[in-house]
Amino acid sequence: MKKLIFLLILFFVSLNANAQNSELNLEKGVSAHKEIDAIYKDFSQAYRTLDVEKVANLYSESAAYMVPNDDILQGREKIRPTFKSFFDYVKNEGRTMTISFQIFQRKVDKSLAYDVGIYTIRQYKDGKEAGTGQGKFVTVAVREKDGKWRFQVDGYSDLKPPEKK
C-alpha cells in the first residue's frame, strides 16, 4: 500500500498536463449515455469532496481495479482502502483535487459498456494549483440487477510525459 501511495504521489506531482475545463468531455463520434456519464460525474464529485464511500460505490461488488505496478484488486472491499489511503493523504497535506475525463472510444450494449480515455487530476493547496497528473484508462461498466451501471473493470496508467523543449 505504501508503494501504491508513493506511486500516486509521484505521478500526480510530476506530470504536467493540459486540462479540460469540464469533468467529462466526449470526443467527436462518442455518444453520450446518461447513466454511464453519471458514473464519471459522481467520480468527479467524490474527488472534489474526497468522499471514499461515494467513489467506492461506483464499482460493482466484484470489480477488478488495475493500478500500475501492482496486483489486481478484486472486489469493492479491496478497492475502497486504496481510495481511502489516497484521499487521506490529500486531506493530510491540506490539499483538494479535481478529476476530469476525456472519452475517445465508447461502446454500449444492453448491460455491458466500455470506455477508453484520458483522465486529468489537478491538486490544489491554498487555492493554488499544486500538481497535475494525466493518464490513460479503460473502464468496463455493467448494468447490475438493480438497473444501476457500475464499473466492473478499471485500469489505468501514466501517459508519456511531454517532451521538454
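Calculation criteria
Residues numbered from 1 in each chain as written. Predicted model: local features only at pLDDT ≥ 70, side-chain atom pairs only at ≥ 80, totals over all residues. Heavy atoms only, no water. Helix = DSSP H or I, 4+ residues; strand = E, 2+ residues; numbered from the N terminus. Buried < 20%, exposed > 50% of the residue type's maximum accessible area, 1.4 Å probe, protein only. Contact = heavy atoms within 4.5 Å. Areas by Shrake-Rupley, 256 points an atom, 1.4 Å probe, with all protein chains shown as cover. 1 Å grid on protein atoms, 1.4 Å probe; cavity = no way out; pocket = protein on both sides within 12 Å on 5 of 7 lines; lining within 4 Å. Points joined across faces, edges and corners; volume = space filled by probe spheres on them. Pairing = 2+ DSSP bridges. Core = buried A, V, L, I, M, F, W, Y, C linked by side-chain atoms within 4.5 Å. Phe/Tyr/Trp six-rings, centres within 6.5 Å; stacked < 30°, edge-to-face > 60°.

Asks: Would you take a moment to explain the overall build of the protein chain for this structure?
Replies: A tally of regular secondary structure across the protein chain gives four helices and seven strands. Reading the protein chain from its N end, one meets helices and strands in the order α-β-α-α-β-β-α-β-β-β-β. Residues classed as buried in the protein chain amount to 44% of the 165 residues present. Residue pairs in contact within the protein chain that sit at least 24 positions apart in sequence constitute 59% of those at least 6 positions apart. Summed over all atoms, the accessible surface of the protein chain reaches about 9,400 Å², with 51% contributed by carbon and sulfur.

Asks: Any chance you could explain empty space enclosed by the protein here in plain terms?
Replies: It is the rolling of a water-molecule-sized probe over the atoms that shows where space remains empty. Scanning all chains against the criterion turns up two cavities of 30 Å³ or more. Here the second largest cavity defines a volume of roughly 30 Å³. Along the walls of the second largest cavity sit Ile36, Tyr40, Arg106, Ala113, Tyr114, Asp115, Thr139, Ala141 and Phe151, which together make up its complete lining. Counting only elements with at least two residues in the lining of the second largest cavity, the list comes to helix 2 (34-49), strand 5 (112-125) and strand 6 (128-143). If one sorts the elements of the lining of the second largest cavity by residue count, strand 5 sits on top with three residues.

Asks: How do you make sense of the pairing of strand 2 (residues 59-66) when you look at a structure like this?
Replies: Along any regular strand the residues' side chains alternate between the sheet's two faces. Two strands pair when backbone bridges link them, and strand 2 and strand 7 (residues 149-158) are joined in this way by four bridges, in the parallel orientation. Bridging from a neighbouring strand, Tyr65 pairs with Asp154 of strand 7. In sequence, strand 2 turns back onto strand 3 (residues 72-74) through a hairpin of five residues, with Asn69 there showing a positive phi of about 55°.

Asks: Explanation requested: the nonpolar core in the structure shown.
Replies: For soluble globular proteins, the rule of thumb is that nonpolar side chains tend to be buried together. Counting 34 residues, the largest nonpolar core has Phe43, Tyr47, Phe83, Phe87 and Phe101 as the members making the most contacts within it. If you list the elements that add at least two residues to this core, you get helix 2, helix 3 (52-56), strand 2, helix 4 (76-92), strand 4 (95-108), strand 5, strand 6 and strand 7. By residue number, the principal contributor to this core is helix 2, which donates six residues. Tyr47 has contacts with Val55, Phe83, Phe86, Phe87, Met97, Ile99 and Ile121, leaving out every residue within four places of it along the chain.

Asks: How do you make sense of the packing of aromatic side chains when you look at a structure like this?
Replies: For any two aromatic rings, the description comes down to two numbers: the centre-to-centre distance and the angle of the planes. Applying the stated criterion across every chain, the model contains 20 aromatic pairs. Residues Phe43 and Phe83 carry aromatic rings whose centres are separated by 6.0 Å and whose planes lie at 80° to one another, so their mutual orientation is edge-to-face. In this pair, Phe43 is assigned in helix 2 and Phe83 in helix 4, connecting sequence segments 40 residues apart. Assessed through its relative accessible area of 5%, Phe43 is described here as buried.

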